[in-house]
Amino acid sequence: MSAITVREALQKASRFLRENNIEDATFLAEYAIRHALGWDRTCFISRMSHLLTAEEWDAIEAIIRRRAAGEPMQYIVGSQEFYGLEFKVNPSVLIPRPETELLVEEIVKRARELWSEDAKLSVVDIGTGSGAIAVTLAVIGGRSWKVTATDIAEESLATACLNAERHGVKHKLSFVQGDLLEPLLQQEHTVDILASNPPYIPSFDVAQLDMQVKDHEPLRALDGGEDGLDFYRQMIQGLSCILKERALLGWEVGIHQAEIVRGWLEDTGLFSEVYIVRDLAGIGRHVIAVRV
Ligand code: GLN
């Protein structure tokens, strides 16, 4: 094949993705090209007439073929941006979602009202996956926060640790392997802030998810049991032992779950305030509980 330009590659790649029924074909084609060439957006726009070498086109084509076959772009390129930070991802962790950024934002906002900036707080992220919540809290939260990231899977903790290093906060984090609150209960570890985005898809609905989610993201990070609420139910059992006298809890929940989880948290009698935060689509997405 004779050499093609970046502009032609963009057309070819987006056409191929579109033919394979992939949404956002043009965006993804540009992304693949920029990734293969190591170019930023400005460079891409100003160098549309650059002639690609055979190796460059091969690298682009390889990415496009994998995406056309259903693999999420984030696993192909190995990263996803979260809260303006780049997170390494791989198929052992869930790809961080933009709505989870709102959870981190709300936790930091409420924490500023509850404690002083230099308060030494013990923070925990249950089921940290890529470490998106834990690492971001360590980056943007108070300077004396100590964040514990837990996960049942060793590979997830290794990924989260890499992300902590990458963002210069490894000294603020510790990593604990175990099932939900169990390791904390065993160590009688109490916390000021408890964050979690547990798996919450009802088992039956997992099969209906997009192919790029159900065939590629880890099932253990998605499936929340029959009604999707298993992990909240289990965590609620341990809250009275884990939370300090003054505490903040922030959980992400799935569609139609916010009211139920809010009710359960209210019923524990531990909190003075429990409320729901909606995502940009208007879905009740986070349940926040404050204990003062
Ligand atoms: N805590 C991680 C995130 O928010 C992983 C969540 C999960 O695997 N369910 O992205």
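What you are looking at is a predicted structure, and each value in this text was computed from that prediction instead of being measured.

Caption draft 1: Structural view of the UniProt feature "domain: Methyltransferase" (unreviewed entry) in the protein chain. Here the UniProt feature "domain: Methyltransferase" (unreviewed entry) sits at residues 118-197. Helix makes up 34% of residues 118-197 and strand 28%. Its end C-alpha atoms lie 26 Å apart.

Caption draft 2: Expanded view of the packing of aromatic side chains. Scanning the model with the defined rule gives three aromatic pairs in all. For the ring pair F27 and Y31, a centre distance of 6.2 Å and an interplane angle of 25 degrees mean the geometry is stacked. Placement of both F27 and Y31 in helix α2 (residues 25-37) is noted, with a separation of four residues, approximately one turn of the helix. Given the relative accessible area of 55%, F27 is considered exposed. A centroid spacing of 5.6 Å and a plane angle of 50 degrees characterise the contact between Y232 and W251, whose relative ring orientation is tilted. Here W251 lies in strand β7 (residues 243-252) and Y232 lies in helix α12 (residues 230-242), a separation of 19 residues in the sequence. Relative accessible area serves as the criterion here: at 0%, Y232 is assigned to the buried category.

Caption draft 3: Quick peek at the site of the ligand. The environment of the ligand is made up of L94, P96, T100, G127, T128, G129, I133, N197, P198, P199 and A221. Within the backbone of G127, an N or O atom sits 3.1 Å from a nitrogen atom of the ligand. In the model, a nitrogen atom of the ligand is placed 3.3 Å from a nitrogen or oxygen of the T128 main chain. About the coverage of the ligand: the protein hides 96% of its 300 Å² of free accessible area. At a threshold of 2 Å from the grid points, most atoms of the ligand map onto the second largest pocket. Taken together, the residues of the shell around the ligand sort by class into six nonpolar, five polar and no charged.

The rules behind each value
Residues numbered from 1 in each chain as written. Predicted model: local features only at pLDDT ≥ 70, side-chain atom pairs only at ≥ 80, totals over all residues. Heavy atoms only, no water. UniProt positions renumbered as here; feature names shortened; annotations may be inferred. Helix = DSSP H or I, 4+ residues; strand = E, 2+ residues; numbered from the N terminus. Phe/Tyr/Trp six-rings, centres within 6.5 Å; stacked < 30°, edge-to-face > 60°. Buried < 20%, exposed > 50% of the residue type's maximum accessible area, 1.4 Å probe, protein only. Near = heavy atom within 4 Å. Polar contact = N/O pair within 3.5 Å; in protein donor to acceptor, adjacent residues only side chain to side chain. Areas by Shrake-Rupley, 256 points an atom, 1.4 Å probe, with all protein chains shown as cover. 1 Å grid on protein atoms, 1.4 Å probe; cavity = no way out; pocket = protein on both sides within 12 Å on 5 of 7 lines; lining within 4 Å. Sits in = over half its atoms within 2 Å of the grid points. Nonpolar A, V, L, I, M, F, W, Y, C, P; charged D, E, K, R; others polar.

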